Amino acid sequence: IPQSVSVVTESLVKSQNAFNLRDALKNVSGLTISAAEGGRTGDSINVRGFAANSDFYLDGVKDNGQYVRDSFFLDHVEVLKGPSSVLFGRGTTGGVINVISKKASAEVIGEADFTYGSHDFFRGTVDVGGAVTDFLNLRLNTLYQDSGSFRDFNFIDRWGFAPSIGITLTPDTKLSLQLLHQKEDSVFDYGLPLFRGKPADVPRTTFYGFSGDRLQEYTTTFATATLDHRFSSDLSIRNTFRYGDYERRYRTHLFGTVTDTGRTSTVTRNQHLRLGTQENFYNQTDLVWKTS
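Reading the values: the criteria
- Residues numbered from 1 in each chain as written.
- Predicted model: local features only at pLDDT ≥ 70, side-chain atom pairs only at ≥ 80, totals over all residues.
- Heavy atoms only, no water.
- Helix = DSSP H or I, 4+ residues; strand = E, 2+ residues; numbered from the N terminus.
- Buried < 20%, exposed > 50% of the residue type's maximum accessible area, 1.4 Å probe, protein only.
- Contact = heavy atoms within 4.5 Å.
- Areas by Shrake-Rupley, 256 points an atom, 1.4 Å probe, with all protein chains shown as cover.
- Salt bridge = Lys/Arg side-chain N within 4 Å of Asp/Glu carboxyl O.
- Pairing = 2+ DSSP bridges.
- Phe/Tyr/Trp six-rings, centres within 6.5 Å; stacked < 30°, edge-to-face > 60°.
- Lys NZ or Arg CZ within 6 Å of the ring centre and 35° of its normal.
- Core = buried A, V, L, I, M, F, W, Y, C linked by side-chain atoms within 4.5 Å.
- Axes fitted to C-alpha atoms, helices over the stretch in contact; angles between N-to-C directions.

Participant: Report on the overall build of the protein, specifying residues and quantitative values.
Facilitator: Looking only at helices and strands, the protein features 3 helices and 18 strands. Buried residues in the protein amount to 39% of all 292 residues. Across the protein, the fraction of contacts at a sequence separation of at least 24, relative to all contacts at a separation of at least 6, is 63%. A total accessible area of about 15700 Å² is found for the protein, and carbon and sulfur atoms account for 55% of it.

Laid out in structure tokens, this is it:
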């Protein structure tokens, strides 16, 4: 079976200031990014031409909620391109996107990044952690972003935190506890309408939505508990339990038919208010046997 694996490292993500998963995945060939086609919001990626909406994984466990995955809790990203249903089940025709999160370890970590840019862009992240005792490690990642846009009435206000606890129960048994909470307020923007076969000849800042009603909210929370036990250097078992709660509320601002009447041409507008909720429970057990 023709397959390949691409890895986007944390150092590459930082060097490019990739603030979300979509920007990080631009380093991988064979991937295209959709823009809410079919009513899909949040991250929407095609792998080798096939929709990968149900093929997002976090630390090897499915994470198919609709939200924008920020890079503040991201360690690296693994992309498996090629048929992989024998390993991951139904839906993985094009491949799999597996995000590896930042986890607690004995290494002392203390890092803060701040970015300020055009259009009132401000972003700050903090990453701290280390060993508390011989058997207890802690880590905390936090995020705050407040940014405008070159488009009128556009903004992104996003914040989140991701604590992680690592507990060594025995030399061969480890327990990992993780939590992610991320909230975003932003704008659902369809851009400019087509007029006479091309984008309308108006300033690119023009906003065709309703400036007083720009609702788009994502609230994402999930908790993960992972228990690892090593029987030997070649044989180990892992059980992961994850609870996820995803909510999205947004009002689309659609433009429709453009009436071509010369200088007084008009464009129709309409709205759709939508609420999407999703609750996931996953329990996954992996038995790993390495042979040479």
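We are not done yet, so read on.
Participant: So what's going on with the pattern of salt bridges? Which residues, and what values?
Facilitator: Across all of its chains, the model carries 18 salt bridges by this definition. Among the salt bridges present, the one from lysine 102 reaches glutamate 10, with a minimum N-O distance of 3.5 Å. Of this pair, lysine 102 sits in the loop between β8 (95–101) and β9 (109–117) while glutamate 10 sits in helix α1 (residues 10–15), and the two are 92 residues apart along the sequence. Assessed through its relative accessible area of 10%, lysine 102 is described here as buried. With relative accessibility at 21%, the residue glutamate 10 sits in the partly exposed group. Its salt-bridge partner being arginine 238, residue aspartate 228 comes within 2.6 Å of it at the nearest N-O pair. With aspartate 228 in strand β16 (residues 216–230) and arginine 238 in strand β17 (residues 235–259), this pair connects stretches of sequence that are 10 residues apart.

Participant: If you had to explain the pairing of strand β18 (residues 266–289) to someone new, which residues and values would you point to?
Facilitator: Along a regular strand, successive side chains alternate from one face of the sheet to the other. In this sheet, β18 lies alongside β17 in antiparallel orientation, the contact comprising 23 bridges. Of the residues in β18, the one forming a bridge with valine 258 is valine 267. Turn length for the β17-β18 hairpin, with the two strands adjacent in sequence and antiparallel, is 6 residues, and the turn residue glycine 262 shows positive phi of about 85°.

Participant: Any details on the sheet that holds strand β5 (residues 56–58)? Residues and values, ideally.
Facilitator: In a beta sheet, neighbouring strands pair by backbone hydrogen bonds and run either parallel or antiparallel. Taken together, the 5 strands give an open sheet; going across it, the order is β1-β7-β8-β5-β6, and neighbouring strands pair in mixed fashion. The open sheet has two edge strands, β1 (4–8) and β6 (61–62), and neither has a second partner. Looking at chain direction, β5 and β8 are connected through 3 bridges and run parallel. Counted as the bridge partner of tyrosine 57 is asparagine 98 from β8.

Participant: I'd like a rundown of the packing of aromatic side chains, residues and numbers included.
Facilitator: Enumeration over the complete set of coordinates arrives at 10 aromatic pairs. Between phenylalanine 222 and tyrosine 246, the aromatic rings sit 6.3 Å apart at their centres with planes inclined by 40°, giving tilted as the arrangement. Of this pair, phenylalanine 222 sits in strand β16 while tyrosine 246 sits in strand β17, placing them 24 residues apart in sequence. Here the aromatic residues Tyr67, Phe222 and Tyr246 are joined through ring pairs into a cluster of three or more. It is arginine 69 that lies over the ring of phenylalanine 56; its NZ or CZ is 4.2 Å from the centre. Seen from the ring of phenylalanine 210, arginine 269 lies directly overhead, with NZ or CZ sitting 4.4 Å from the centre.

Participant: Tell me about the environment of valine 8, and please be specific about residues and values.
Facilitator: Within the secondary structure, valine 8 sits in strand β1. What makes valine 8 buried here is its relative accessible area of 1%. Spatially, the C-alpha atom of valine 8 lies 15 Å from that of arginine 69, the residues being 61 residues apart in sequence. Excluding residues that lie within four positions of it along the chain, valine 8 makes contacts with Val13, Ala24, Asn27, Val28, His76 and Val77.

Participant: Lay out the nonpolar core in plain terms, naming residues and giving numbers.
Facilitator: In this structure, Leu21, Leu25, Leu31, Val77, Ile97 and Leu180 are the most contacted members of the largest nonpolar core, which totals 27 residues. Of all elements in the fold, only α2 (21–25), β3 (45–47), β5, β7 (74–81), β8 and β16 reach the threshold of two or more residues within this core. With residues up to four places along the chain from it excluded, the contact list for isoleucine 97 reads Leu25, Leu31, Ile45, Val47, Asp55, Phe56, Tyr57, Val77 and Glu78.

Participant: Which residues make up the sheet that holds strand β11 (residues 136–147), and what values go with them?
Facilitator: What the 8 strands build is an open sheet, ordered β9-β10-β11-β12-β13-β16-β17-β18; its pairing is antiparallel. Because the sheet does not close on itself, it has two edges, and the strands there are β9 and β18. Looking at each pair of strands side by side, their axes are set apart by 5° on average, direction ignored. Pairing analysis gives 10 bridges linking strand β10 (residues 121–131) to β11, with the strands arranged antiparallel. What sits directly across from glycine 124, in β11, is tyrosine 144.

Participant: Quick rundown of the side chain of asparagine 154? Include the residues and the values.
Facilitator: Take asparagine 154: it is sitting in the loop between β11 and β12 (156–170). In contact with asparagine 154, not counting residues within four places along its chain, are Gly148, Ser149, Val187, Asp189 and Arg214.

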